[in-house]
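# Close look at the chain arrangement
Okay, here's what each chain looks like letter by letter:
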Amino acid sequence: MKPSIQVQNLSFKHQNDTIALQNISFAVTPGSRVLLIGSNGAGKSTLLQICAGKRLVPPGSVVLLSSDVFQHTPEGITHLSTEWAMNPVVRGDILVSTFLDSVGGYRHKERRDILLSILDVDLDWRMHQISDGERRRVQLVMGLMAPWDVLLLDEVTVDLDVLVRHELLLFLCKETEERQATILYATHIFDGLEGFPTHLAHMRAGAFVEDPIPWSPTGPSSLYTVALNWLREDRKFRDETAPSNRGPRKGEETRDSETFYKKYDYAH
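What you see is a predicted model, and the numbers here were worked out from it, not measured in a lab.

Sheet topology places strand β1 (residues 5-13) next to strand β2 (residues 19-28); 6 bridges connect them, and they run antiparallel. Bridge assignment links Gln 6 to a residue of β2, and that residue is Ala 27.

What follows is the structure, given as structure tokens:
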């Protein structure tokens, strides 16, 4: 079976020469649900952006659905991240039904209606009047209503309540099982995820500590415990290899209120 996602010898630097990814190689087969686990700054978001074709890397480094994502971007790739809800365009005075139709909702009415029910979205909402969590639900309806083959999720369930998140995860599992679609999902919220992933991948400092490995919820450790142990290892590794100035600093704080307010009182 050909992999739906194949990454080979991928390295990437930001414009300030900060290394974001280092020599990453992995493959994901159709029907997989891969959970990316790593601390903030591990490179998860950058990897998802590259897989979505949003950052330029050497030809052949990233192949999705047998196509180079930069030379011949294939159809069927959906990337959903947290930045969307902060875009001023989607915070404008527009009816949700009009908004969804503007991005093709009328072409995918059956799937759109299923998602409207799962995500508890009202077509009469106005985008500028709803909460961040409600706006996130609209984003998910918009992004998922067209059938996708590869779904790249970057912490997009953070604003959802427990019930909506649970129903969404069931829908995503069904999509991978019935249509052999593939999911690469980065999150820091592990509650309710025990039975979701088919594979776990551990990222640290822009590299894979663990390539995607099979996961079973019936194993000896819970998903939360595995993630917690990996993140503890990451912090220990960081502190031993590159000590930082994080946390409190001795001798740099004043407890004298008059000195403090003279320094930080901007009213005068």
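Right, let's talk about helix α1 (residues 44-51) for a bit. Taking burial as the measure, the 8 residues of α1 include 7 buried ones, the bulk of the element. Buried within α1 we find Lys 44, Thr 46, Leu 47, Leu 48, Gln 49, Ile 50 and Cys 51. Following α1 by one or two positions, Gly 53 adopts a phi angle in the positive range, close to 80°.

Attention now moves to the sheet that holds strand β8 (residues 182-186). The mixed open sheet is built from 6 strands, whose spatial order is β6-β7-β8-β3-β9-β10. Looking at which strands have only one partner, the edges of the open sheet turn out to be β6 (77-81) and β10 (207-214). Direction aside, the axes of adjacent strands within the sheet are offset by 15° on average. In this sheet, β10 lies alongside strand β9 (residues 199-204) in antiparallel orientation, the contact comprising 5 bridges. Within the sheet, the bridge partner assigned to Arg 204 lies in β10 and is Ala 207. Relative to the sheet, helix α4 (residues 132-144) contacts β6 and β7 (150-154), its axis offset from that of β6 by approximately 170°.

What follows concerns the packing of aromatic side chains. In the structure shown here, the tally under the stated rule is 2 aromatic pairs. Residues Phe 26 and Phe 208 carry aromatic rings whose centres are separated by 5.1 Å and whose planes lie at 25° to one another, so their mutual orientation is stacked. Of this pair, Phe 26 sits in strand β2 while Phe 208 sits in strand β10; the two residues are 182 residues apart in sequence, bridging distant segments of the chain. For the pair Phe 26 and Phe 208, a shared accessibility class is recorded, and that class is buried. With centroids separated by 5.9 Å and ring planes inclined at 85°, the aromatic side chains of Tyr 185 and Phe 196 adopt a geometry described as edge-to-face. Of the two residues, Tyr 185 is situated in strand β8 and Phe 196 in the loop between β8 and β9; the sequence distance between them amounts to 11 residues. Comparing Tyr 185 with Phe 196, the two get one shared label, buried.

Segmenting the protein into domains produces domain 1 (1-76 + 148-158 + 176-241) and domain 2 (86-147). Centre-to-centre separation of domain 1 and domain 2, based on C-alpha positions: 27 Å. At the junction of the two partners, domain 1 supplies 5 residues and domain 2 supplies 8 residues. Interface area for domain 1 against domain 2, summed over the two sides, is near 510 Å², with a carbon-plus-sulfur share of 59%. Contact with domain 2 buries surface across domain 1, with Trp 148, Val 156 and Arg 179 losing the most and accounting together for 78% of the total.

Thresholds applied
- Residues numbered from 1 in each chain as written.
- Predicted model: local features only at pLDDT ≥ 70, side-chain atom pairs only at ≥ 80, totals over all residues.
- Heavy atoms only, no water.
- Pairing = 2+ DSSP bridges.
- Helix = DSSP H or I, 4+ residues; strand = E, 2+ residues; numbered from the N terminus.
- Buried < 20%, exposed > 50% of the residue type's maximum accessible area, 1.4 Å probe, protein only.
- Axes fitted to C-alpha atoms, helices over the stretch in contact; angles between N-to-C directions.
- Contact = heavy atoms within 4.5 Å.
- Phe/Tyr/Trp six-rings, centres within 6.5 Å; stacked < 30°, edge-to-face > 60°.
- Domains from an automatic or database assignment.
- Buried area = accessible area lost by both parts, 1.4 Å probe.

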